[in-house]
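Chain by chain, the residues:
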Amino acid sequence: MTEDSTSTFQAGRTGLIVRIPEAEPFVRGWRHRFDPSAQAGVPAHVTVLFPFLEESRTDELVHFALADVLNRHQTFDLRFERCGRLPEVLYLAPEPDTPLRRLTEAIADRWPEAPPYGGRFAEIVPHLTVAQGQEDAVMEEIEADLAGRLPFTSHVASVELMVHDGVKWQERASFALRE
């Protein structure tokens, strides 16, 4: 849920994420300094779909539909062993990323009015943002620190619906993947 626009933090904005709690010891300090979403309460994560529907549209029927779509996908493990870069973003690359892409595609197919990143990017690149908008020297320092501490693995068993309440991002619901 990384974006350089203040629209990311509008009250009622929603997103779907996969929490990666195993990443916290590696990235917490860097994220709190250099990732606005961390400062706004979003845990270490890989975004599944952002933005999703406005909070006012995420009623019981949407929750049931999300549960149905997500329960068609099995739990999976991710390994994080390297950093990657997007313009102005340093991230940890999840491997394999195919299960994450499939989750994004399934939800976007069900809700075509909510394309990934508002349709701004042609390709889905699953990633765990560590820092954004920093000079190359800062990004290189972070990358060197992380390179010496990786790899780690994470088991993905659910997708969380996050909502911005006007101050912070809050988890509103969790949807289990199939075991």
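About the criteria used
- Residues numbered from 1 in each chain as written.
- Predicted model: local features only at pLDDT ≥ 70, side-chain atom pairs only at ≥ 80, totals over all residues.
- Heavy atoms only, no water.
- Pairing = 2+ DSSP bridges.
- Helix = DSSP H or I, 4+ residues; strand = E, 2+ residues; numbered from the N terminus.
- Core = buried A, V, L, I, M, F, W, Y, C linked by side-chain atoms within 4.5 Å.
- Buried < 20%, exposed > 50% of the residue type's maximum accessible area, 1.4 Å probe, protein only.
- Contact = heavy atoms within 4.5 Å.
- Salt bridge = Lys/Arg side-chain N within 4 Å of Asp/Glu carboxyl O.
- Axes fitted to C-alpha atoms, helices over the stretch in contact; angles between N-to-C directions.

Colleague: Help me understand the pairing of strand E8 (residues 169-176) in this model?
Modeller: Along any regular strand, the residues point their side chains to alternate faces of the sheet. Examined bridge by bridge, strand E7 (residues 158-164) and E8 share seven bridges and lie antiparallel to one another. Considered in E8, the bridge of Ser158 is made with Ala176. Where E7 hands over to E8, the hairpin turn is made up of four residues, of which Gly166 adopts a positive phi near 105°.

Colleague: Would you mind going over the nonpolar core with me for this structure?
Modeller: Side chains of nonpolar character tend, in soluble globular proteins, to be buried together. Among the nonpolar cores identified, the biggest contains 45 residues, and Ile20, Phe52, Leu92, Ile107, Leu128 and Leu146 are the most heavily contacted of them. The leading source of residues in this core is helix H3 (residues 60-70), at five residues. Residue contacts for Leu146: discarding those within four places in its chain leaves Phe26, Val27, Trp30, Cys83, Leu92 and Val130. If you look at the next biggest cluster of nonpolar residues, it comprises six residues, including Ala40, Val42, Phe50 and Met162.

Colleague: Can you help me understand the pattern of salt bridges in this one?
Modeller: Oppositely charged side chains can pair when the atoms bearing their charge come close. What the rule picks out here adds up to 13 salt bridges. Salt-bridge contacts for Glu171 lead to Arg19; the nearest nitrogen and oxygen are separated by 2.7 Å. Of this pair, Glu171 sits in strand E8 while Arg19 sits in strand E1 (residues 14-19); the two residues are 152 residues apart in sequence, bridging distant segments of the chain. With a relative accessible area of 32%, Arg19 lands in the partly exposed category. Between Glu24 and Arg28 there is a salt bridge, and its shortest N-O distance comes to 3.8 Å. Of this pair, Glu24 and Arg28 both sit in helix H1 (residues 24-34), separated by four residues, roughly a single helical turn. Judged by relative accessible area, Glu24 falls into the buried class, the value being 14%.

Colleague: Got a minute to help me understand the sheet that holds strand E6 (residues 152-156) in this structure?
Modeller: Backbone-to-backbone hydrogen bonds pair the strands of a sheet. The strands run either parallel or antiparallel. Read across the open sheet, the four strands follow the order E5-E4-E3-E6; overall the sheet is antiparallel. Only two strands of the sheet have a single partner each, and these edge strands are strand E5 (128-132) and E6. The average angle at which neighbouring strand axes cross in this sheet is 35°, direction not considered. Sheet topology places strand E3 (residues 76-86) next to E6; five bridges connect them, and they run antiparallel. Within the sheet, the bridge partner assigned to Arg79 lies in E6 and is Thr153. Its contacts with the sheet put H1 on strand E4 (89-95), E5 and E6, and the angle it makes with E5 is roughly 45°.

Colleague: It is not clear to me how the side chain of Arg31 should be interpreted in this structure. Could you clarify?
Modeller: Here Arg31 lies in helix H1. In this structure Arg31 touches Glu24, Ser37, Ala38, Gln39, Val42, Pro43, Ala44, His45, Leu128, Thr129 and Val130, once residues within four positions along its chain are discounted.

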